[in-house]
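# Coordinate inspection notes
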Amino acid sequence: QRYFNKLKIEETKAAKAIMKLQNVQKAIEFTDELIEKKVQNPKMTRLKQIIKDELVTNPSSKIIVFANYRDMVSEITEELHNENISAERFVGQANKAEKGLKQSEQIEILKNFKEGKFNILVASSVAEEGIDIPEVSAVVFYEMIPSELRRVQRSGRTGRTKPGKVIFLLAKKTRDEAFYWSSLRKEKKM
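On to the pattern of salt bridges, then. Should their charged atoms come close, side chains of opposite charge can pair. Tallying each qualifying case throughout the model produces eight salt bridges. Close ionic contact of Lys-52 with Glu-83 constitutes a salt bridge, the shortest N to O distance being 2.6 Å. Here Lys-52 is found in helix H4 (residues 42–57), whereas its partner Glu-83 is found in the loop between helix H5 (70–82) and strand E2 (87–90), with 31 residues between them in sequence. One salt-bridge network, in which partners are shared between bridges, spans Lys-48, Lys-52, Glu-79 and Glu-83.

See the structure below:
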């Protein structure tokens with residue numbers, strides 16, 4: 001819904017053309033109906049259960065949840081907060097279109113994560129490489145990516161010094177499955 005709302009106010013020709021498409025209008029209506037009925041994405045429901053189970057098993061667990069888009073990172077973080085789960089949003093720096101995090105904010109969030117001030121880091125691709133993230137007990141792929149390199153980088157955030165988990169959330173008969181198998185095949189070739 002956030003994406004559609006952004007498109008509605010976008011002034012570009014491309015956004016206006018997309019909004020005129022009949023399939024897009026149907027998707028907006030369908031999304032609005034689901035939200036009105038309070039139907040939640042099954043992946044979100046499963047994610048919350050996985051995190052709760054991990055925290056019951058080990059209350060000091062550190063988990064990174066990867067999502068592909070800032071809007072989804074924000075939505076996941078909000079959903080976890082609604083469940084009284086301590087989580088922080090971790091995205092790249094701001095650009096003209098979207099509010100991100102300043103470098104000083106990123107450093108502070110990572111420091112607090114290392115110190116155990118919160119358990120869950122909900123991150124975009126910015127957390128894949130080039131930053132000092134401590135050993136985590138689990139990495140969750142909320143959305144799949146077709147890249148074998150990014151898959152390895154994300155997975156490599158756990159299991160460095162002790163056993164860790166990598167969890168993939170896949171929706172049947174969606175591009176999740178295609179991306180999962182594609183990245184796995186490419187990883188094996190690599």
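Right, let's talk about the nonpolar core for a bit. The tendency in soluble globular proteins is for nonpolar side chains to be buried as a group. Formed by 41 residues in total, the largest nonpolar core has its most connected members in Leu-47, Ile-51, Val-65, Ile-76, Ile-120 and Leu-121. Within the residue set of this core, elements represented by two or more residues are H4, strand E1 (63–66), H5, E2, helix H6 (103–114), strand E3 (120–123), strand E4 (138–141) and helix H8 (175–189). The element contributing the most residues to this core is H4, with five residues. Apart from residues lying up to four places away in sequence, Ile-120 is in contact with Ile-51, Ile-63, Val-65, Leu-80, Ile-85, Ser-86, Ala-87, Glu-88 and Phe-113. Counting residues in hydrophobic clusters, the runner-up holds six residues, among them Ala-15, Met-19, Val-24 and Ile-28.

Rules of the game
Residues numbered from 1 in each chain as written. Predicted model: local features only at pLDDT ≥ 70, side-chain atom pairs only at ≥ 80, totals over all residues. Heavy atoms only, no water. Salt bridge = Lys/Arg side-chain N within 4 Å of Asp/Glu carboxyl O. Helix = DSSP H or I, 4+ residues; strand = E, 2+ residues; numbered from the N terminus. Core = buried A, V, L, I, M, F, W, Y, C linked by side-chain atoms within 4.5 Å. Buried < 20%, exposed > 50% of the residue type's maximum accessible area, 1.4 Å probe, protein only. Contact = heavy atoms within 4.5 Å.

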